[in-house]
Amino acid sequence: MARLGKQYSDGEIIVRQGEPGNCMYVIQDGTVEVLAIRDGKELHLRDLGADDFFGEMALFEEATRTATIRSKGTTRVLTIDRKSFLGGIHEDPSLAFRLVQTMSHRIRDLTDRLARYEESG
Amino acid sequence: MGSAHGSFQQLAAEPESAKTLRDGSRIAVVGAGPSGSMFSYFLLNMAEATSLQLNVDLFEPRRFCHRGPAGCNHCGGVISESLVQRLATEGIVLPDEVVQRGIESYTLHMDIGDVEICTPLEERRIAAVYRGNGPRDSEPMESESFDGYLQRLAVDKGANLVQRLVTDVSREGDRMRLECADGFHDEYELVVLASGINSRLTADLEERAGGFRKPAPTKAFICEFKLGREVIRETLGPSMHVFLLDIPRLEFAALIPKGEYTTLALLGDDIDEELMQRFFTSPEVKNCFPGGKIPDHVCHCYPRMNISGARPPYADRMVMIGDCGTTRLFKDGIGAAYRAAKAAARAAVFHGVAAEDFEAHYWPMCRSVQVDNRFGKLLFAVAGLIQKARFARRGVLRMTITEQRHPGKPKRMSGVLWDLFSGSARYREVFMRTLHPAYIKDLVWNLVAGNVDRSHPPAVERRHGTH
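Residues numbered from 1 in each chain as written. Chains lettered and ligands numbered in written order. Predicted model: local features only at pLDDT ≥ 70, side-chain atom pairs only at ≥ 80, totals over all residues.

*Asks:* Can you explain the overall build of chain A? Please cite residues and give values.
*Replies:* Summing up its helical and strand segments, chain A has 3 helices and 6 strands in all. Counting from the amino terminus, chain A carries its helices and strands in the arrangement β-β-β-β-β-α-β-α-α. For chain A, the spread of C-alpha atoms along the principal axes amounts to about 45 × 35 × 25 Å. Taken across its 121 residues, chain A has 29% of its residues classed as buried. (Helix = DSSP H or I, 4+ residues; strand = E, 2+ residues; numbered from the N terminus. Buried ≥ 20, exposed ≤ 12 C-beta atoms within 10 Å, placed from the backbone.)

*Asks:* Got a sec to walk through the domain arrangement of chain B? Specific residues and values, please.
*Replies:* By a widespread convention, an interface's size corresponds to the accessible area lost as its parts come together. According to the domain assignment, chain B consists of domain 1 (3-71 + 146-215 + 308-373), domain 2 (99-137 + 218-305) and domain 3 (378-452). Its C-alpha centre places domain 1 of chain B at a distance of 32 Å from the equivalent point of domain 2 of chain B. (Domains from an automatic or database assignment.)

*Asks:* Describe the sheet that holds strand β2 (residues 55-59) of chain B, listing the residues and the values that go with them.
*Replies:* Residues and elements named next belong to chain B. Read from one edge of the open sheet, 6 strands run β8-β2-β1-β12-β21-β20, paired in mixed fashion. Edge positions in the sheet fall to β8 (160-162) and β20 (314-315), since each of these pairs with one other strand and no more. The sheet contact formed by strand β1 (residues 26-30) and strand β12 (residues 190-193) spans 4 bridges and is parallel. Among the inter-strand pairings, V29 is bridged to a residue of β12, identified as V192. This element, helix α2 (residues 34-49), spans β1, β2 and β12 of the sheet and lies at about 170° to β2. (Pairing = 2+ DSSP bridges. Contact = placed C-beta atoms within 7 Å. Axes fitted to C-alpha atoms, helices over the stretch in contact; angles between N-to-C directions.)

*Asks:* With reference to specific residues and values, describe the environment of N160 of chain B.
*Replies:* All names here are of chain B. In this structure, N160 sits in strand β8. Sequence spacing of N160 and K377 is 217 residues, and the spatial spacing of their C-alpha atoms is 39 Å. Setting aside residues up to four positions removed in sequence, N160 forms contacts with V56, D57 and L58.

*Asks:* Just give me the short version of the packing of helix α12 (residues 390-405) of chain B against helix α15 (residues 437-452) of chain B, but keep the residues and values in it.
*Replies:* When two helices pack together, their arrangement is given by the angle between the helix axes and the distance between those axes. Residues and elements named next belong to chain B. Packing of α12 against α15 brings their axes to within 8 Å, and their N-to-C directions diverge by 110°. As far as their axial angle goes, α15 and α12 are roughly perpendicular. Between α12 and α15 lies a crossing whose hand is right-handed. Packed against α12, whose contacting residues are F391, A392, R394, G395, L397, R398 and M399, the element α15 presents D442, L443, N446, L447, A449, G450 and N451 at the interface. Here the contact of α12 with α15 is built from residues that sort into 7 nonpolar, 4 polar and 3 charged. (Parallel < 35°, antiparallel > 145°, perpendicular 65-115°, else oblique. Left-handed = near helix turned anticlockwise from the far one by under 90°. Nonpolar A, V, L, I, M, F, W, Y, C, P; charged D, E, K, R; others polar.)

*Asks:* For helix α5 (residues 200-208) of chain B, give the residues involved together with the corresponding values.
*Replies:* Residues and elements named next belong to chain B. Here α5 has its buried residues at L201, T202 and L205. The buried residues of α5 all sit within an arc of 95° when viewed along its axis, so they share a single face. The inward-facing, buried residues of α5 abut β1, β9 (166-172) and β12. (Arc of directions from axis to C-beta.)

*Asks:* How would you sum up the pairing of β1 of chain B? Please name residues and give values.
*Replies:* Residues and elements named next belong to chain B. Across the 5 residues that make up β1, a large majority, 4, are buried. As defined by bridge partners, β1 adjoins β2 across 5 bridges and the pair is classed as parallel. Across the sheet, I27 pairs through a bridge with V56, a residue of β2. Tracing the backbone out of β1, into α2 and back to the parallel element β2 gives a crossover that is right-handed. (Right-handed = clockwise from strand over helix to strand, strands pointing away.)

*Asks:* I'd like to hear about the sheet that holds strand β4 (residues 99-103) of chain B, residue by residue, with values.
*Replies:* Residues and elements named next belong to chain B. A sheet is described by the order of its strands in space; here 3 strands give the open sequence β3-β7-β4, paired in antiparallel fashion. Since the sheet does not close on itself, it has two edges, and those belong to β3 (78-79) and β4, each with one partner. One ladder, built from 2 bridges, connects β3 with strand β7 (residues 126-129); its direction is antiparallel. Directly across from I79, in β7, lies its bridge partner A127.

*Asks:* Provide a residue-level description of the interface of chain B and chain A, including the pertinent values.
*Replies:* Counting residues at the interface gives 23 residues for chain B, matched by 21 residues for chain A. Among the elements of the structure, α3 (81-90), β4 and α9 (333-350) of chain B are those that each provide at least two residues to the side of chain B that touches chain A. The element contributing the most residues to the side of chain B that touches chain A is α3 of chain B, with 7 residues. In terms of residue class, the side of chain B that touches chain A is made up of 9 nonpolar, 5 polar and 9 charged.

*Asks:* Talk me through unusual backbone geometry; I want residue IDs and the actual numbers.
*Replies:* Backbone geometry places R249 of chain B, a non-glycine residue, at a positive phi of 75°. Taking the C-beta count within 10 Å as the criterion, R249 of chain B has 15 such neighbours and is therefore assigned partly exposed.

*Asks:* If you had to explain the environment of I92 of chain B to someone new, which residues and values would you point to?
*Replies:* All names here are of chain B. Tracing the backbone through its elements, the reader meets I92 in the loop between α3 and β4. Here I92 falls in the partly exposed class, since 19 other C-beta atoms lie within 10 Å of it. Separated by 58 residues in the primary sequence, I92 and L150 have C-alpha atoms spaced 9.2 Å apart.

*Asks:* Lay out the packing of α2 of chain B against α9 of chain B with the relevant residues and their values.
*Replies:* All names here are of chain B. Where α2 contacts α9, the two axes come as close as 8 Å, and the packing angle between them is 35°. With respect to the hand of their crossing, α2 and α9 are arranged in right-handed fashion. When α2 is examined against α9, the residues P34, S35, M38, F39, F42, L43, M46 and A47 are found in contact with a partner set consisting of I334, A337, Y338, A340, A341, K342, A344, A345, R346, A348 and V349.

*Asks:* Go over the confidence of the model for chain B, please, and point to the residues and values.
*Replies:* Residue and element names in this part refer to chain B. Taken over all residues, the pLDDT of chain B has a mean of 85, while the share at 70 or more is 87%. Throughout residues 1-6 the model reports pLDDT below 50, and contacts reaching past four residues in sequence, or to other chains, amount to 15 contacts. Interface scoring of the predicted complex returns ipTM 0.88; its pTM is 0.87. (pLDDT = per-residue confidence, 0-100.)

Here it is as structure tokens:
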């Protein structure tokens, strides 16, 4: 059955670190891995599942992708265009609420991780 | 509306009192179609974010789990690309059970040929859904209706579903009073009318309250064909089939593939038997069906469509959203319902429920839709001229095919047609794109090239379907 989004197979790269981006993604179905590549080594940051989004920084910055996103099993992902998103925010700022809320949770998570790293170091 | 309440202006002239929602405020939402359910959902969402305790009663006598007219809201059931993206951004990811089929292209059919217009991302971002649980006499489906899904979201968020038919809304001192067919009545701080274009409530309001004009409707035609998944895959594919035919009063016609069924939607100026006869005997339509034979439809309706919004769509402690307020002309009515629901919820939670609050914070959205609809009328008038002029159709077809054959080429005509058919962009934006010098240059060139050498008509360009 033809459902929404684009399907990726196991191990397929959806977003590659260092590449330019102009959209974010919402996971319709399945799981993806968020990976940071440092000195050729993969560092697993977290897994994301259905309804989670990724690539949102590209909506606000002209910078390149900060992480690689790889499909873990079969996944289906919906693309959110920058133009569509920013146009929506212009009309209805509350559209960004969930995005800001999630980014806030991620900053909190990163702060916790940094604190633990500083403690252990 | 209650006859004792005089003019609409008097209705709106409630003395200045506590016209804001507070902890414990009661809100009645009349109608749990997309606008009513989304209003309830977003209102409760915003209230939660601002630590406001609200009680929302969502009145809907129908059950969307029913098949046929009893559970259906009578529309083509297409969720536009822009709405799919916005809902996903809001955290409302349409589940597979709701999406009957993801649409990834539009196929334009004309007497001189047809062309498939593909989404640049090769991704399915348009959803074909059922508003109820499928056509009359269909097999029970495992899928869920779109309206039922939104209603469930609202209920999960805290709305109280009341399965009663509201028959009257009137003002009772500083509050609004609701009466139901079974004698039930109650009072609320805010009443939200989301009862659709067929509601008697707006007709009563127009009769009893001077200064209010209910939306103006036109008649459309929608029917369902049972083709089976395999036949749909072979003939229509994940493509919505749109017809640009020289049939007077027909503005738009589309075949929308769903699970086992295909929905046909005819929109225009009062669709009647004569128009339908001409449509069904067109070779371009017959060729979309197996063996060129159009099967009997299993379910049909003549729904009324809002072509001119209510004025004003608000009063003190009352606001009209969706089809009984303001909606888009012909396209993306559910997207317009989403925008109206959010704008009304924002006004109620963050500003107040007085007429002036809705005028300042809800009416601008309605006005922008109404202004945009004027551009829509202009675009559909131009499309009507193209329908009538064969030389223009040749130019449009040639330009679209050329763009679809060359991936790197700017998709000027394809983009205009895509957004016009899908309703994903505002009509004004689409119109402005047709004034771009590069668009005009390409169109003029294709009009000339497409009509100079008619001995070699452009090839038919389709990825999906056997014809």
